[in-house]
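# A closer look at the structure
These are the residues of each chain, in order.
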Amino acid sequence: MKVLDPITLTVIQSSLQQVCDEMDLAFSRAAFSPIISEADDRSDGIYAASDGSLVAQGLGGLPVFVGTMAASTRTLIEYIDDGRALPPEPGDVYAVNDPYLGGTHLMDVRFSMPVFRQGALFCWLSNVGHWPDIGGAVPGGFSASATAVEQEGLRFPPVKLFKRGALDPELVAIILSNVRVSEQRVGDIHAQHAALAVGHERLGEVLDRYGDSIVQQAIDELKTRSAQQMRDRIGRIAEGTYRSRAYLDSDGVVNEPLVIELAVTRTAECNLVFDFTGSSPPCKGPMNCVLATTHSSVYLAVRHIFPDIPLSAGAFEPLDVLDPSGTFLHARYPAPVSGCAAEVSQRIAEAVFAALVQAIPEAVTASPAGTSGNFALGGHDPERGGDYVMYQISGGGYGGNVAGDGLSNGCSTIGISKSPPIEITEQAFPVLFNEYALREGSGGAGTTRGGFGLIYDVELLRGEASASFVMDHCRFGPLGALGGQDGEPGSITVIRASGTHRPAHHSKEQGLALEPGDRVRVETPGGGGYGPAFERDASKVARDVALGYYTAEQVSERFGVVIVTDSGDPDEIATRALRTSAQKADR
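Before going into details, it helps to say that this report is about the structure given with it. (Residues numbered from 1 in each chain as written. Predicted model: local features only at pLDDT ≥ 70, side-chain atom pairs only at ≥ 80, totals over all residues. Heavy atoms only, no water.)

### Some remarks on the overall build of the chain
Helix and strand content of the chain: 12 helices and 20 strands. Whereas a compact globule of 587 residues would reach a radius of gyration of roughly 25 Å, the chain reaches 24 Å, a difference of no more than 12%. Along the first, second and third principal axes, the C-alpha set of the chain runs to 80 × 65 × 45 Å. Buried positions account for 59% of the 587 residues belonging to the chain. Here the analysis covers contacts within the chain between residues at least 6 apart in sequence; of these, 72% occur between residues at least 24 apart. A total of about 21,900 Å² of accessible surface is found on the chain, and carbon and sulfur atoms cover 52% of it. (Helix = DSSP H or I, 4+ residues; strand = E, 2+ residues; numbered from the N terminus. Rg over C-alpha atoms; globule rule 2.2 N^0.38 Å. Buried < 20%, exposed > 50% of the residue type's maximum accessible area, 1.4 Å probe, protein only. Contact = heavy atoms within 4.5 Å. Areas by Shrake-Rupley, 256 points an atom, 1.4 Å probe, with all protein chains shown as cover.)

Quick look at the structure:
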């Protein structure tokens, strides 16, 4: 077989990437739900016909789906092979949301379309979109106190939702009869299908231009090179085992922290082995994590550390995640799992960061906010005469790193989803944002400090509603690194005429009744600090005070810097004395 020249290989690689990016754009532009159309909580990709392994994925898709979509496609192939799903025909689209079949939580619905060439299956196109509601006990699906997956919503295995391009009316009727605001779901279903149709057309153009065999050769070569590049990066890590521990606030049912114990071993073969032995056992509440999401969380964490590795199945070949059976990181039916994709995944990533920052401090940050801030509000709008489900996500502070301070109000670790613009939210739902601001002082102190979280205060204007929260890092703040301080934990406060209420589980509660005038105030975590805080440049600390990020009292305590009241400059003599005194006290 002729060796592909570098130019052709690069052009084909970019072409496959462009196919996925265009699917992402088509999906967002056509979707009805703001969580997809504005927040981009979706992903699209190309997967191998033989085993569902990743060929390419849109750069605008959520990183947490990098492993789960491949696992879901592989499960579909297995279902077809053993007769549990009908064989594919041109124009078919399969749908599945079962979390135990390579998924995340029930709200993430995956579609897959076969691509045929000369009558033979060439590959699969798959995508996933977060539906704002899938039925279940509470609007939005984030049931904070669920004890079984049936309480979280409708669950279905791989089924042909579109047959030869036509939507199956009976199957869609079953789905729509079990979800809230069903007319909106119809639009999302067609948008998700349209994105795959766009990908089918664009991929066909690439295959027609270069030929099927050449494109397949390029796919194989790119996979091999990705594995080689990942092993090269791993080779920069000293052989040995690096350990870390991360905590979740609670499972939403039992008010005790969950523990993630992680040992990362760099082998002589330049592989990384991830061992979660010692983590908490399966939990009663919805913070169990399905195996595909556990794997995907490790992959996305490593991708954060080595972002330059081309994205394909080869990049994850050197990453060996040992089976965490017996822990909450390998959920089995009927364990509830609504918090796995948005919250547990980020704590897994945090554990990976905390382990590997010891080995390659120049490439890893302190822990970021590590929560998607899931807030679902469902009710009836009397002015519009209809029901609604509002789903709000929020950003937080990133961790400090060797290059500089952490980003403020950054998106969650597991995705590039952004909060919908408040103007769009206010137009679509009966709410008003009274405040939407940076949460000054929330970043963990360090040589480079953590970024700052967010504060928002949203008021219900009319009708009655029910609020549910599945967040995290409200009991524990994001971890500092290499002597840096932890970021500030988040908080949730419900403000009523009768008084204020805070969830007993800090970050999780469901079914809180709201009336017009009631408000929900959320403060998201700041990022962890990196390096000793008393080694931060005093002029940078003074600038933070001048910008209102910290008060003079806060920087004196956290950074050991004394600010001159009149000028705002650091008092060098007093600062040196304060830091010297603190260092002596620590000895």
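That shown, we press on.
### Topic: the packing of helix α3 (residues 65–81) against helix α7 (residues 291–305)
Remark: α3 packs on α7, axes separated minimally by 7 Å, with the N-to-C direction vectors making an angle of 140 degrees. The angle between the axes of α3 and α7 places the two elements in the oblique class. Classified by chirality, the crossing of α7 by α3 is right-handed. Only A292, T293, S296 and Y299 of α7 make contact with α3, whose side of the interface consists of F65, V66, G67, T68 and A71. Class assignment of the residues belonging to the contact of α3 with α7 gives a composition of 5 nonpolar, 4 polar and no charged. (Axes fitted to C-alpha atoms, helices over the stretch in contact; angles between N-to-C directions. Parallel < 35°, antiparallel > 145°, perpendicular 65-115°, else oblique. Left-handed = near helix turned anticlockwise from the far one by under 90°. Nonpolar A, V, L, I, M, F, W, Y, C, P; charged D, E, K, R; others polar.)

### Quick word on the packing of aromatic side chains
Tallied over the entire structure, the rule returns 13 aromatic pairs. On the numbers, 6.0 Å between centres and 75 degrees between planes, the contact of F433 with Y436 is edge-to-face. A ring pair is formed by F452 and Y550, whose centres lie 5.5 Å apart and whose planes are at 70 degrees; its orientation type is edge-to-face. Of this pair, F452 sits in the loop between β14 (431–439) and β15 (453–460) while Y550 is found in the loop between α10 (538–546) and α11 (552–558), placing the two residues 98 residues apart along the sequence. Like Y550, F452 is buried. Three or more aromatic residues link up through ring pairs in this structure, and these residues are F452, Y549, Y550 and F559. One cation-aromatic arrangement involves R84 over Y79; the distance from NZ or CZ to the ring centre is 3.9 Å. (Phe/Tyr/Trp six-rings, centres within 6.5 Å; stacked < 30°, edge-to-face > 60°. Lys NZ or Arg CZ within 6 Å of the ring centre and 35° of its normal.)

### Topic: unusual backbone geometry
Going from Y333 to P334, the amide bond is cis rather than trans, its omega being 5 degrees. Considering the arrangement of structural elements, one finds P334 in the loop between β11 (319–321) and α8 (340–356). A positive phi angle, close to 50 degrees, is found at Q118, a residue other than glycine. Residue placement: Q118 occurs in the loop between β4 (108–117) and β5 (120–130). Exposure remark for Q118: the relative accessible area of 71% places this residue in the exposed category. Not every positive phi belongs to a glycine, and N409 is a case in point at roughly 50 degrees. Relative to the helices and strands, N409 resides in the loop between β13 (386–392) and α9 (422–428). Residue classification places N409 among the partly exposed residues on the basis of a relative accessible area of 32%.

### A short note on the sheet that holds β11
Reading across the sheet, the 4 strands line up as β8-β9-β10-β11 and stay open at both edges, with mixed pairing between neighbours. Here the strands that pair on one side only, and so sit at the sheet edges, are β8 (240–248) and β11. Ignoring which end each strand starts from, the neighbouring axes of this sheet average 20 degrees apart. Summarising the sheet, strand β10 (residues 272–275) and β11 pair through 3 bridges and their orientation is parallel. Along β11, the bridge assignment pairs F274 with V321. In the packing of α7 onto the sheet, the strands contacted are β10 and β11, and the crossing angle to β11 comes to about 150 degrees. (Pairing = 2+ DSSP bridges.)

### Comments concerning the pattern of salt bridges
For the coordinates displayed, the defined rule picks out 38 salt bridges. Taking the shortest distance from any N to any O, the salt bridge between R558 and E488 comes out at 4.0 Å. Taken together, the positions of R558 in helix α11 and E488 in the loop between β16 (465–470) and β17 (491–496) put the pair 70 residues apart, joining distant regions of the chain. (Salt bridge = Lys/Arg side-chain N within 4 Å of Asp/Glu carboxyl O.)

### Thoughts on the sheet that holds β16
Spatially, 4 strands are ordered β13-β12-β16-β19 in an open sheet, and the strand pairing comes out antiparallel. The open sheet is flanked by β13 and β19 (508–514), the only strands paired with a single partner. On average, each strand axis in the sheet is inclined to that of its neighbour by 15 degrees, with strand direction left out of account.

### Structural notes on the nonpolar core
Most often, soluble globular proteins have nonpolar side chains that are buried together. Ranked by size, the top nonpolar core spans 125 residues in total, and within it L16, I46, F111, L203, F274 and F276 carry the most contacts. Looking at this core element by element, the count peaks at 10 residues for α8. Each residue touching F276, except ones within four places of it in the same chain, is listed here: I260, E261, L262, T294, V298, V321, P324, T327, L329 and I348. Core analysis: the next-biggest nonpolar cluster, separate from the first, contains 21 residues, F375, Y388, A465 and F469 among them. (Core = buried A, V, L, I, M, F, W, Y, C linked by side-chain atoms within 4.5 Å.)

### Quick word on the side chain of T75
Structurally, T75 can be placed in helix α3. The residues touching T75, leaving out its near neighbours within four places in the chain, are L101 and G102.

### Quick notes on the environment of A315
Along the chain, A315 turns up in the loop between α7 and β11. Judged by relative accessible area, A315 falls into the buried class, the value being 3%. Linking A315 and T224, residues 91 residues apart in sequence, is a C-alpha distance of 8.5 Å.

### A few points about the pairing of strand β2 (residues 54–57)
With 3 bridges joining them, strand β1 (residues 42–48) and β2 adopt antiparallel strand pairing. Bridge pairing in β2 links Y47 to L54. Where β1 folds back on β2, the antiparallel hairpin that results is connected by 5 residues, among which G52 adopts a positive phi of roughly 75 degrees.

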